[in-house]
Amino acid sequence: GELFKFYGDAWFTTRPIFDSLPISHDYPWAQDLLDAFFAKVEKKGNSFKLAAYEGLMVPIQSIWNSRTLNALPKTFSEATIAFEQDIGMVYQPNATRSIEWLQEHGKCVDHITPGLSTIEGAGHGGFAKRDLPKGAVITGSPLHHIPIKDGFMPMFKAFHSDTAADEKLKTEVARYQLLLNYCFGHSQSTLLLCPYGAGVGYINHNQTRANVKVVWSQHGKTAHDATWLEKRPHEMFSTQSARLALDYVATRDIASGEELFLDYGDAWEEAWNKHSESWKQVPSAENYLGAREWNNAMKSLPVRTVQESFHDPYPKHIHLRCHIDIVEDKDESDDESEDESGDDWDSSTFEWGPSDYGYKCEVTERRKNVDGNHFYSVRVTTEPINRWDEDFEGPGLLDIDNVPREAIRFFDVPFTSDLFLEGA
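Residues numbered from 1 in each chain as written. Predicted model: local features only at pLDDT ≥ 70, side-chain atom pairs only at ≥ 80, totals over all residues. Heavy atoms only, no water.

**Notes on the overall build of the protein**
And then number 1: The number of helices and strands found in the protein is 13 helices and 16 strands.
And then number 2: Relative to its full complement of 424 residues, the protein shows a buried share of 31%.
And then number 3: Counting contacts in the protein only where the partners sit at least 6 residues apart, residues at least 24 apart contribute 69% of the total. (Helix = DSSP H or I, 4+ residues; strand = E, 2+ residues; numbered from the N terminus. Buried < 20%, exposed > 50% of the residue type's maximum accessible area, 1.4 Å probe, protein only. Contact = heavy atoms within 4.5 Å.)

Below you can see the structure in the form of structure tokens.
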């Protein structure tokens, strides 16, 4: 089955091309319509039901451009499945392909597994998950195209000033976007091509140990349009979707567990060597701990309250965030009485995924229950779930009681991690 991520309904509602596509609430509404239809014809025979559905329910889908109506099954047999099981069962086959189809049209995207690089100071690297023969396509990746790199990558010094003497400083480049490290470009071109396929960002540079190369994907594969190879950068401005793609190919036999390397080119090698020679550790770097280290070190310790933090503050580069489920659960239970025993939630349900960010919060009170476990009263500051959240009415404060420790985590304050150091 195809994998999908929910970006929010506004991702569809803000794009005219999807103006008739059903969004999340349309499928339950369509299910209600189906249930009402079958309730009306419950005592009729199948021939009547068939004629009624295909004579009434199907035609109205072409009369009104309605997202909800477009969620209705297109045939009576599909409608029967939706009524007897669930409307989602009708659409599941559309997201599923046979093994034969995948072998002909697809690419394996799990040949790469991340791990600590064998290169000192390189951080993480990509490793072969299984034996890969010479010429094997390790993975493929669509490319974000950035036609004018100098209009996107520089980051400028910013400050408030009305004096003419400071105008020049306002346009002084302070550094460049981190994304630049993961894009392909050329000194004589304004174009940048940035891959975003699974695992490709883990493949480090090593000219002597390179065992992977990149080639253009076949026309029609991985969304690659070979006609775009003849385009000039300015002709790409109006297209926002990926039209170019690369394949990552093994240049020799690669053993399972072996690190994968690309040759980024002489210019990158020279720039890296220059950076390494001039780089200096920032003051007090040896005492720095990021949010990940704080979560590992402090997971069994109580979280400080606001009053305690006034006398013994956490470092300025980290802050507390609370799991989104405590807010959603509060919205659902506002009219219900609260359990003062500290058992409102099952602690094991608060799993933090890689993209879970929660809401900024602070601890106003800490107490123990009869089992000796800490529970917290927190004040949560709500914020948009994503940039397409049209229902968000502005930040709000919520006081929530009996929050377990597992629902509270440390996060790096934006732009304060070591990735954002000026010398990075």
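**What to know about the sheet that holds strand 16 (residues 408-412)**
And then number 1: Read across the sheet, five strands follow the order 15-14-13-12-16 without closing on themselves; strand pairing throughout is antiparallel. The open sheet terminates on both sides in strands that have one partner only, identified here as strand 15 (397-404) and strand 16. Within this sheet the neighbouring strands show an average axis-to-axis angle of 40°, counted without direction.
And then number 2: Along the sheet, helix 11 (residues 291-298) makes contact with strand 12 (318-322) and strand 16, crossing strand 16 at roughly 155°. (Pairing = 2+ DSSP bridges. Axes fitted to C-alpha atoms, helices over the stretch in contact; angles between N-to-C directions.)

**Some details on unusual backbone geometry**
And then number 1: In this structure, Ala223 takes a positive phi of about 65° despite not being glycine.
And then number 2: Relative to the helices and strands, Ala223 resides in the loop between strand 9 (212-216) and strand 10 (244-250).
And then number 3: The partly exposed category is assigned to Ala223, whose relative accessible area is 46%.
And then number 4: Positive phi, close to 60°, is recorded for Asn402, a residue that is not glycine.

**Regarding the state of the cysteines**
And then number 1: Across all of its chains, the model carries two disulfides by this definition.
And then number 2: The disulfide partner of Cys183 is Cys194, and the gap between their sulfur atoms is 2.0 Å. The disulfide joining Cys183 to Cys194 has a torsion of about 100° about its S-S bond and is therefore right-handed. Of this pair, Cys183 sits in the loop between strand 5 (173-176) and strand 6 (184-185) while Cys194 sits in strand 7 (residues 192-195), and the two are eleven residues apart along the sequence. The same class applies to Cys183 and to Cys194, which are both buried.
And then number 3: Here Cys322 engages in a disulfide with Cys361; their sulfurs sit 2.2 Å apart. Because the sign of the S-S torsion sets the handedness, a value of about 85° for the bond joining Cys322 and Cys361 places this disulfide among the right-handed ones. Residue Cys322 is found in strand 12, and its partner Cys361 is found in strand 13 (residues 359-368); the two are separated by 39 residues along the sequence.
And then number 4: Relative accessible area serves as the criterion here: at 0%, Cys322 is assigned to the buried category.
And then number 5: Sequence-ordered numbering of the disulfide-bonded cysteines in the protein gives the connectivity 1-2, 3-4. (Disulfide = S-S within 2.5 Å.)

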